[in-house]
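# Topology and contacts: notes
What follows is the residue order along each chain.
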Amino acid sequence: AQKITQTQPGMFVQEKEAVTLDCTYDTSDPSYGLFWYKQPSSGEMIFLIYQGSYDQQNATEGRYSLNFQKARKSANLVISASQLGDSAMYFCAMRGADNTDKLIFGTGTRLQVFP
Amino acid sequence: NAGVTQTPKFRVLKTGQSMTLLCAQDMNHEYMYWYRQDPGMGLRLIHYSVGEGTTAKGEVPDGYNVSRLKKQNFLLGLESAAPSQTSVYFCASSHARSENTEAFFGQGTRLTVV
């Protein structure tokens, strides 16, 4: 069975500093995708970044990068140069390539950026 | 370009009442999902569908039913609402059979059962 674990309920970071949000996963699928979403206080879900299990390089999207360590089954999100607007809930998610194609989420990490 | 639209956005139900949440997407996506979000528990998958006329159970399906009669619509039903079903419900959709396609989310429905 697939499982996503986010062990940090909350994180604090000072503006302009980098922060890493942890995500570990468990799956028996040989092929899978990992996603990060941001949920600001307004409630919408915003897609940030994707990493495929066969991708050779870590994904990057602007200030977001994904530190993918396949052997350790971790897919940590790194936010560089934090901004006040980065304060939000962050969710790690995974989808396998089997016939069920379920998309499952972790419990999330609340990030607070302070001046 | 509406994307994923959920109806209604807010609802208060009495225990035992029934209701249906509607999710509509205009992106011709094959896959659709229903989640509930509760504090400290993230998004939990209730039911999902990989195509018109097909549905499957997710992590927390009890107390809910779904239907996907048309490709663009995915309905979530509560036959007899319970206070434990007080939650924020999200619908999402994505293209099929490719693990690298992101899911697009609706704005959510805040449901309170009293």
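An account of the accompanying structure is given in this report. (Residues numbered from 1 in each chain as written. Chains lettered and ligands numbered in written order. Predicted model: local features only at pLDDT ≥ 70, side-chain atom pairs only at ≥ 80, totals over all residues. Heavy atoms only, no water.)

### A closer look at the state of the cysteines
Under the counting rule described, the total for this entry stands at 2 disulfides over all chains. The side chain of A:Cys23 participates in a disulfide bridge whose partner is A:Cys92; the two sulfur atoms lie 2.0 Å from each other. The S-S bond linking A:Cys23 to A:Cys92 shows a torsion near -65 degrees; that makes this disulfide left-handed. With A:Cys23 in the loop between strand E3 (19-21) and strand E4 (24-26) and A:Cys92 in strand E10 (residues 88-96), this residue pair connects regions lying 69 residues apart in the sequence. Comparing A:Cys23 with A:Cys92, the two get one shared label, buried. Covalently, B:Cys23 is tied to B:Cys91 through a disulfide, its sulfur atoms 1.8 Å apart. As the torsion about the S-S bond is roughly -75 degrees, the B:Cys23-B:Cys91 disulfide counts as left-handed. Taken together, the residues B:Cys23 in strand E3 (residues 19-25) and B:Cys91 in strand E9 (residues 87-94) connect sequence positions 68 residues apart. (Disulfide = S-S within 2.5 Å. Helix = DSSP H or I, 4+ residues; strand = E, 2+ residues; numbered from the N terminus. Buried < 20%, exposed > 50% of the residue type's maximum accessible area, 1.4 Å probe, protein only.)

### Notes on the nonpolar core
Formed by 25 residues in total, the largest nonpolar core has its most connected members in A:Ile4, A:Tyr25, A:Leu34, A:Trp36, A:Ile49, A:Leu77 and A:Tyr90. For this core, the elements supplying multiple residues, two or more each, are E3, strand E5 (32-39), strand E6 (46-52), strand E8 (64-69), strand E9 (74-79), E10 and strand E12 (109-114) of chain A. Per element, the largest residue contribution to this core is 4 residues, and it comes from E10(A). In this structure A:Leu34 touches A:Ile4, A:Tyr25, A:Ile49, A:Tyr50, A:Gln51, A:Phe68, A:Ala75, A:Ala93 and A:Met94, once residues within four positions along its chain are discounted. Formed by 20 residues, the second largest nonpolar core is a distinct cluster that contains A:Tyr37, A:Met89, B:Tyr35 and B:Phe90. (Core = buried A, V, L, I, M, F, W, Y, C linked by side-chain atoms within 4.5 Å. Contact = heavy atoms within 4.5 Å.)

### Overview of the pairing of strand E4 (residues 31-38) of chain B
All names here are of chain B. In terms of burial, E4 is a largely internal element, 8 of the 8 residues being buried. Side chains Tyr 31, Tyr 33, Tyr 35 and Gln 37 of E4 all project onto a buried face; the interleaved residues Met 32, Trp 34, Arg 36 and Asp 38 project onto the opposite face, where all are buried too. Sheet analysis places E4 next to E9, joined by 7 bridges and oriented antiparallel. The partner of Tyr 35 across the bridge, within E9, is Phe 90. In this structure, E4 lies alongside strand E5 (residues 42-51), joined through 7 bridges in antiparallel fashion. When the sheet's bridge partners are listed, Tyr 35 is paired in E5 with Leu 45. Counted between consecutive antiparallel strands, the loop separating E4 from E5 contains 3 residues, among which Gly 40 sits at a positive phi close to 80 degrees. (Pairing = 2+ DSSP bridges.)

### With respect to unusual backbone geometry
Cis geometry is found at the peptide bond from B:Thr7 to B:Pro8, where omega equals -5 degrees. For B:Pro8, the position within the fold is in the loop between strand E1 (4-7) and strand E2 (10-13). Phi angles above zero are rare outside glycine, and A:Lys16 is one such case at about 80 degrees. Of note in the backbone geometry, A:Ala81 takes a positive phi value of approximately 45 degrees without being a glycine. As for its placement among the helices and strands, A:Ala81 is situated in the loop between E9 and E10.

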